[in-house]
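Examination of the molecular architecture
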Amino acid sequence: MYKLLLVEDEDLVRNGIKRFVPFDELNIVEIHEAASGDEGLRIFEEQLPDLVLLDINMPRMNGLDFATRIKVLKPDVKIAVITGYDYYDYAVTALKIGIDDYVLKPVSRKDVFEVLSKLVNKLKNEGQQTELLTLLKDMQSRTAGTVPVSEPEGEKQHVAQVIESNLANPEFSLTALAEQMGFSSGYMSTLFKKLFKVSFQDYIVSLRLERAKLQLLASDKKVYEISADAGFDNPNYFSSSFKKKFGMSPLQYRERIKE
């Protein structure tokens, strides 16, 4: 869901854009408008919109000055300018400021829709990249086994690495882990809870779900394929575990990220 600020001093252009562009198709749910740069800056400071569509030639504050100021307030805002001039004259300055696109006057419904679609896609892609980085950092943290200094950190990291290398194997169990570590199953169970503060089963299921979450975001694989890749031998168990942990089904999670 996105917020748009429309800054245009010509009432006819501004009202035409508001009336004829299908904003709901772009998930733009809030539209704020201003007839001047000064008014637009005040609204921007209050609302901090995700998208800005502005006329480059406005009284008291031109579009380039306006864009420079709002980029300081919100660096990730996406900006497109409306201009009646050859955009080449502004290209170098616009690139330095961080303006993303432009529309030439006279503007049409199609032109505005297309340029806003590009800006929305940029926001989606950046959101997915942020989500990916967060998931990767979380997985790296889990694999590294971040623990208090008083715990046997080296042993914990060794156990975490063994689990990570066998994560995709649905047959991998506490017994298999104990064998690789050279311990009995009973001792391994006690040691695991001491090191990780959770049971082996809870730990490995959580790790597999995080891996599946990453694949749902980064690939177009089917749910049952992702389930198998993550180490689940039962897609139904995978889906129910995913919903229990994240509050939504794998497909719902994928759709939420896309939206």
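Okay, so let's go over this structure. Remember, it's a predicted structure, so these values are computed and weren't measured experimentally.

The helix and strand tally for the protein chain stands at 12 helices and 5 strands. Looking at the protein chain residue by residue over its 259 residues, the buried ones come to 44%. Accessible area of the protein chain: about 13900 Å², with a carbon and sulfur share of 51%.

The subject of this paragraph is unusual backbone geometry. Residues other than glycine predominantly adopt negative phi, and peptide bonds predominantly adopt the trans conformation. The amide bond that connects Lys 105 to the next residue, Pro 106, takes the cis arrangement and shows omega of 0°. Position of Pro 106 relative to the elements: it lies in the loop between strand S5 (101-104) and helix H5 (109-144). One non-glycine residue, Leu 48, lies in the positive phi region at around 45°. On the basis of relative accessible area, Leu 48 is assigned to the partly exposed category, the value being 39%. Notably, Lys 197 is not glycine yet its phi reads approximately 65°, a positive angle.

Next up on the list: the nonpolar core. Ranked by internal contacts, the top residues of the largest apolar core, which has 32 residues, are Val 159, Ile 163, Phe 172, Leu 177, Met 188, Phe 192 and Phe 238. Mapped by element, the contributors of at least two residues to this core are helix H6 (153-165), helix H7 (174-181), helix H8 (185-196), helix H9 (200-218), helix H10 (223-229) and helix H11 (235-246). Those residues within four positions of Val 159 in sequence are excluded, and the remaining contacts are Leu 177, Met 181, Met 188, Phe 192, Leu 195 and Phe 196. Core analysis: the next-biggest nonpolar cluster, separate from the first, contains 21 residues, Leu 41, Phe 44, Leu 64 and Ile 79 among them.

Calculation criteria
- Residues numbered from 1 in each chain as written.
- Predicted model: local features only at pLDDT ≥ 70, side-chain atom pairs only at ≥ 80, totals over all residues.
- Heavy atoms only, no water.
- Helix = DSSP H or I, 4+ residues; strand = E, 2+ residues; numbered from the N terminus.
- Buried < 20%, exposed > 50% of the residue type's maximum accessible area, 1.4 Å probe, protein only.
- Areas by Shrake-Rupley, 256 points an atom, 1.4 Å probe, with all protein chains shown as cover.
- Core = buried A, V, L, I, M, F, W, Y, C linked by side-chain atoms within 4.5 Å.
- Contact = heavy atoms within 4.5 Å.

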